[in-house]
Amino acid sequence: SLDDMPGARTQAVAVELTDGRVLVTMGWDGDQVPSTDTWIYDPSTDDWRSAADVPSSQMSTSGVAMPDGKVYFFGGIWMDQDAMVLVYQEEVLIYDVLEDTWTTGAARPDQMSAMEAAPLDEERILVMGGLDSGLHESDACYIYDTVTDSYVMTDPLPGPRGFGVAFQHRNDVYYAGGSDGMSFQ
């Protein structure tokens, strides 16, 4: 049997790293408390190790590992428990695997959460769909450039979509499933 994760987690983000290990971060712990824990799982040894805590706990986040050794996270949201308001993570959260450090990158041009992301090539990431600041599904698409740390708006999805999955396969990016606000796709 496989080694248990170091702690219970729901709505976490799991990203396969370029070396085959898996980074697991954010989400909610077993007591439904937002978590800043970050772990790296090595399937070849069935071992978990702790990594640097993420600067802010979030949910509805998408992450992409890139050849530069960094993992880029987009579209997070969390509840400010004191003010009881939703807070959007507008900046890219960037985890440097080698240095075990977190930094932030450019802010998106709009407030979005539940976005999906997939690599376009070795330097660019397609960030798509999600929920706008009114919590309505969106068709917005952006290309994030990891070298220039900037966004460019690109053609939208065929229709609004949130909570789906995005992936790259043979140099094409796909967006599957999710909701258009009226029904599941």
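Residues numbered from 1 in each chain as written. Predicted model: local features only at pLDDT ≥ 70, side-chain atom pairs only at ≥ 80, totals over all residues. Heavy atoms only, no water.

The 4 strands lie next to each other as 11-12-13-14, forming an open sheet whose pairing is antiparallel. Either end of the sheet is taken by a strand with one partner, and the two such strands are strand 11 (116-119) and strand 14 (150-154). For this sheet the average axis-to-axis angle between neighbouring strands, irrespective of direction, equals 25°. Strand direction decides the pairing type here: strand 13 (residues 141-145) and strand 14, joined by 5 bridges, are antiparallel. When the bridges of strand 14 are listed, Ile143 appears paired with Val152. (Pairing = 2+ DSSP bridges. Helix = DSSP H or I, 4+ residues; strand = E, 2+ residues; numbered from the N terminus. Axes fitted to C-alpha atoms, helices over the stretch in contact; angles between N-to-C directions.)

Quick look at the pattern of salt bridges now. Between side chains of opposite charge, a pair can form when the charged atoms approach closely. All told, the structure shown has 3 salt bridges when counted by the stated rule. The salt bridge involving Asp37 is made with Arg9; its shortest N-O contact spans 3.2 Å. You can see Asp37 sitting in the loop between strand 2 (22-25) and strand 3 (38-42) and its partner Arg9 sitting in the segment before strand 1 (13-16), a full 28 residues away along the chain. When the shortest N-O distance is used, the salt bridge between Asp121 and Arg124 registers 2.8 Å. According to the relative accessible area criterion, Asp121 is partly exposed, its value standing at 32%. (Salt bridge = Lys/Arg side-chain N within 4 Å of Asp/Glu carboxyl O. Buried < 20%, exposed > 50% of the residue type's maximum accessible area, 1.4 Å probe, protein only.)

So far we have only geometry, and geometry alone does not tell us how the molecule works.
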